[in-house]
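Here is what each chain is made of, one letter per residue.
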Amino acid sequence: MMGPSHALSGAAVWLSGSWALQHFYDYEQSPLALAVGTAVCSGAALLPDLDLSGKVTRNRGGATVARTFGVFSLFVAEVVEKISLGVYYATKLSRDPRRNNGHRTLTHTIPFTVLVGWGTTTLCASYGKWAVIGILFFMIGLALRGLFDKWAERAGWLIVTLVSAGAASFTAANLPGDRGYPMIGLAVGVGSFVHIIGDMITRAGVPILWPIPIKRRMWTPISLPDRIALRAGGKTEIVFVRTALTVVSVLATLGLVAPSVLQKFNLDI
């Protein structure tokens, strides 16, 4: 799937999940906490593609996530890609093919989603507001790059960086720590997992079962059958999948907002 579709899927899953928690379990979130969770989950839904770098010195190429903060994020993507490729060769078995890049390897596994979710929560709990600001800055930037792809391209990485920094600072200053910090880690983990599921429904697939060996392969790509799998960037993804994700996001938002609006007017739900 392409970057905007990944970002939309993260937003749709977080909003619909939040609606389900509120509707069935009476778990309410403040508007700010809900907005932060949605933005972080949307940004994290781009995070696994940090293993696809481009031309760092020319500030070109790479995945959507790699271009978010210009040369800096491209350099980070280059490092992640090389680490992923190194892990691939360190753990590959006899039937795993040779590769010249680390895309769709380490960062497209369940252990990675668990690691980034747990790591985010640990950083926030250990270092407080400063860690929260840094994580929000990065994730909000990715969310902007994914959800508003055309605007982000026109505005450029500097504007995206400044908007992300302002939003992160404001949010960190107003987000309650007792519920906000753990939810940030959860949103990062969920978003990364949603990305993997999105890539699983394409023809290339992902090694979601790593590190479980299957028929002398450690990195077995799992995907839908070719006859029903999506083609990344194809009409089905751009028109139908994105429309469906947008509808889910809007309906979930309405479901979350409607009770408080009706309550203000003293109406029964």
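Each remark here, short or long, concerns the structure printed above.
A brief report on the enclosed structure follows. (Residues numbered from 1 in each chain as written. Predicted model: local features only at pLDDT ≥ 70, side-chain atom pairs only at ≥ 80, totals over all residues. Heavy atoms only, no water.)

When helices and strands are tallied, the chain shows 8 helices and 2 strands. Taken from N to C terminus, the helices and strands of the chain fall in the order α-α-β-β-α-α-α-α-α-α. The C-alpha radius of gyration computed for the chain amounts to 19 Å, which stays within 12% of the reference 18 Å derived for 269 residues, consistent with globular compactness. Along the three orthogonal principal directions, the C-alpha set of the chain runs to about 65 × 40 × 35 Å. Per-residue burial over the chain gives 45% buried out of 269 residues. Sequence separation of at least 24 residues holds for 69% of the intrachain contacts in the chain that already meet a minimum separation of 6. For the chain, the accessible area works out to roughly 13900 Å², and carbon and sulfur atoms hold 68% of it. The averaged location of the 14 negative side-chain charges in the chain is 11 Å from the averaged location of its 24 positive side-chain charges. (Helix = DSSP H or I, 4+ residues; strand = E, 2+ residues; numbered from the N terminus. Rg over C-alpha atoms; globule rule 2.2 N^0.38 Å. Buried < 20%, exposed > 50% of the residue type's maximum accessible area, 1.4 Å probe, protein only. Contact = heavy atoms within 4.5 Å. Areas by Shrake-Rupley, 256 points an atom, 1.4 Å probe, with all protein chains shown as cover. Lys, Arg positive; Asp, Glu negative; His and termini not counted. Charge placed at Lys NZ, Arg CZ, Asp CG, Glu CD.)

It is worth spelling out the pattern of salt bridges at this point. The full count for this structure, using the stated rule, is 6 salt bridges. Arg217 serves as the salt-bridge partner of Asp96, at 3.5 Å between the closest nitrogen and oxygen. Highlighted residues: Asp96 in the loop between α3 (71-91) and α4 (110-147) and Arg217 in the loop between α7 (177-200) and α8 (235-264), separated in sequence by 121 residues. Its relative accessible area of 3% is what places Asp96 among the buried residues. (Salt bridge = Lys/Arg side-chain N within 4 Å of Asp/Glu carboxyl O.)

The next point concerns a nonpolar patch on the surface. A cluster of nonpolar side chains, namely Leu147, Phe148, Trp151, Trp157, Leu158, Ile159, Leu162 and Val163, defines an oily patch on the protein surface of about 730 Å² accessible area. A per-element tally of the nonpolar patch places helix α6 (residues 157-174) first, with 5 residues. (Patch = residues over 30% accessible without salt bridge, like charges linked within 9 Å, V, L, I, M, F, W, Y side chains within 5 Å.)

Under the defined criterion, the tally for this structure stands at 0 disulfides. Distance from the sulfur of Cys41, which forms no disulfide, to the nearest cysteine sulfur (Cys124) is 15 Å. (Disulfide = S-S within 2.5 Å.)

Mapped onto the fold, Lys215 is located in the loop between α7 and α8. Relative accessible area serves as the criterion here: at 69%, Lys215 is assigned to the exposed category. C-alpha of Lys215 to C-alpha of Ser94: the two residues are 121 residues apart in sequence and 9.6 Å apart in space.

Using the criterion set out here, one finds 6 aromatic pairs in the structure. When the centroid spacing of 4.8 Å and the interplanar angle of 20° are considered together, the rings of Trp210 and Trp219 count as stacked. Pair check on accessibility: Trp210 and Trp219 agree, each one buried. Each residue in the set Tyr88, Tyr89, Trp210 and Trp219 is aromatic and connected to the rest through ring pairs, giving one cluster. Between the NZ or CZ atom of Arg99 and the centre of the ring of Tyr88, over which it lies, the distance is 5.5 Å. (Phe/Tyr/Trp six-rings, centres within 6.5 Å; stacked < 30°, edge-to-face > 60°. Lys NZ or Arg CZ within 6 Å of the ring centre and 35° of its normal.)

Counted at 1.5 Å a residue, the expected span for α4 with its 38 residues is 56 Å, but the 24 Å between its end C-alpha atoms falls short. A maximum bend of about 140° is found in α4 at Gly128. (Expected span 1.5 Å × (residues − 1). Bend = angle between axes of the 7 residues up to and from the residue.)

Another aspect to go through is the nonpolar core. Residues Val40, Leu47, Leu136, Met139 and Ile184 are the most contacted members of the largest nonpolar core, which totals 37 residues. At the level of secondary structure, the elements contributing two or more residues to this core comprise α1 (3-25), α2 (31-44), α3, α4, α6 and α7. Of all the elements, α4 adds the most residues to this core, at 10 residues. Sequence-distant contacts of Val40, that is, excluding residues within four places in its chain, are made with Leu136, Met139, Ile184, Ala187 and Val188. The next biggest cluster of nonpolar side chains, apart from the first, holds 6 residues, and it includes Ala12, Leu230, Val241 and Leu245. (Core = buried A, V, L, I, M, F, W, Y, C linked by side-chain atoms within 4.5 Å.)

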